[in-house]
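Observations on the three-dimensional arrangement
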Amino acid sequence: MNLRHNLHLLAQYCQSVPLRLIWLVAARLPSRRASSFGAALLGALGPLSRKHRHVRRNLSFVLPDAPEEEIEGVARQVWRNFGSVLAEYPHLESITAERCDIRVPAEVQELFDQGRPALFVSGHVGNWEIVPSFLATKCRGLLVVYSPDPNPFVEASLQRRRQYPGVTFVDKDEALRQMLVAAQDGSSLGLLPDQRVDSGTLLPLFDVEAPTTISPARIAERVGYPLIPLHVERLPDGRFTVDFHPPLLPRPGLKGKEAAIDVTRQFYTLLEGWISNRPGQWLCTKRRWPKHAAPRARR
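None of the values given here were measured: they were computed from a predicted structure.

Looking at the pattern of salt bridges
Tallying each qualifying case throughout the model produces eleven salt bridges. Across the salt bridge formed by arginine 56 and glutamate 68, the nearest N and O atoms sit 2.2 Å from each other. A residue pair is termed long-range when its members are at least 10 positions apart, and arginine 56 in helix H3 (residues 52-62) and glutamate 68 in helix H4 (residues 68-88) qualify at twelve residues. Overall, arginine 56 belongs to the partly exposed group, its relative accessible area being 22%. Here the salt bridges do not stand alone but share partners, grouping Arg56, Glu68, Glu72 and Arg76 into one network.

In structure tokens, the structure reads:
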């Protein structure tokens, strides 16, 4: 048993080496060249992986009327964007400080000015890793809920790159209690609720029902936090825009689960717009819709 376990660990360590090599090269390049390096690398290797079929299928729901060659082209953009995200880890602080146009509406700026906490939601779009780096400068404390990488060596490497003052990353499977404790201390919360949650509520995403978590809205209501969406978009010149949106509120008269579903629908309407505008910037390497689902044509 120990031999089998040790061999498994050795295999996982070997699987983590490519990421370390990417960062070794990227750290020695200017940030824009690092982005291009990562894009070229995963743009070539990503389509050869088994996950490419998930990317193509997910994009078929986003672009139901597109021919196969267009979907394939956008799928390759997905891999290029993901490659850039990976190669940008060594440069996140400088990217946030020098290459981001951050747009904050008055309601959100008032929260920042007063030091009030909030629950921030976004998607795996553009470069989502910019968000904690920026919020670390605006929030008294920030707890980010995320899905750990199953490879412990990759996970450890990622967390070493995510060292920001006042920011804590917590496994989604252990998050609820820690979020409630963080809220008692006045820390803000951050989630990326755009991926499939099999136990979630069926809600429409690009006109097809998909299991979706409504937990962010329920938690925001429970701790009394405004729920604020934000969107990161990669620009052609190697820069980014980070757009904060005003807090989402349920329609009058709705409470409990109905209110949470309403707020989640509002967030997903925004998310659909972000993805539709730049489908190649959405990380969709995991199956998002049920296996039996089919895209709905919009012509």
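Notes on the environment of alanine 106
Among the structural elements, alanine 106 can be located in helix H6 (residues 106-114). For alanine 106, a relative accessible area of 60% gives the class exposed. Taking the C-alpha atoms as reference points, alanine 106 and histidine 245, separated by 139 residues in sequence, lie 9.7 Å from one another.

Looking at the pairing of strand E3 (residues 142-146)
Among the five residues in E3, five count as buried, and that is most of the element. Residues Leu142, Val144 and Tyr146 point to one face of E3 and Leu143 and Val145 to the other, with burial holding for every one of them. Examined bridge by bridge, E3 and strand E4 (residues 167-171) share five bridges and lie parallel to one another. Opposite leucine 142, over in E4, you have valine 167 as the bridge partner. In this region the chain leaves E3, passes through helix H8 (residues 152-161) and returns to the parallel neighbour E4; the handedness of that crossover is right-handed. Summarising the sheet, E3 and strand E5 (residues 188-191) pair through three bridges and their orientation is parallel. Across the sheet, residue leucine 142 finds its bridge partner in E5, namely serine 188.

Some remarks on the sheet that holds E4
Strand order in the open sheet formed by seven strands is E1-E9-E8-E2-E5-E3-E4, with mixed pairing between adjacent strands. Edge positions in the sheet fall to strand E1 (100-103) and E4, since each of these pairs with one other strand and no more. Between one strand axis and the next, the sheet turns by 20° as a mean value, whatever way the strands run. Taken strand by strand, helix H9 (residues 175-184) contacts E3, E4 and E5, and its axis lies near 165° from that of E3. Relative to strand E2 (residues 119-121), helix H10 (residues 215-223) is tilted by about 165°, and along the sheet it contacts E2, E5 and strand E8 (227-234).

What counts as what
Residues numbered from 1 in each chain as written. Predicted model: local features only at pLDDT ≥ 70, side-chain atom pairs only at ≥ 80, totals over all residues. Heavy atoms only, no water. Salt bridge = Lys/Arg side-chain N within 4 Å of Asp/Glu carboxyl O. Helix = DSSP H or I, 4+ residues; strand = E, 2+ residues; numbered from the N terminus. Buried < 20%, exposed > 50% of the residue type's maximum accessible area, 1.4 Å probe, protein only. Pairing = 2+ DSSP bridges. Right-handed = clockwise from strand over helix to strand, strands pointing away. Axes fitted to C-alpha atoms, helices over the stretch in contact; angles between N-to-C directions. Contact = heavy atoms within 4.5 Å.

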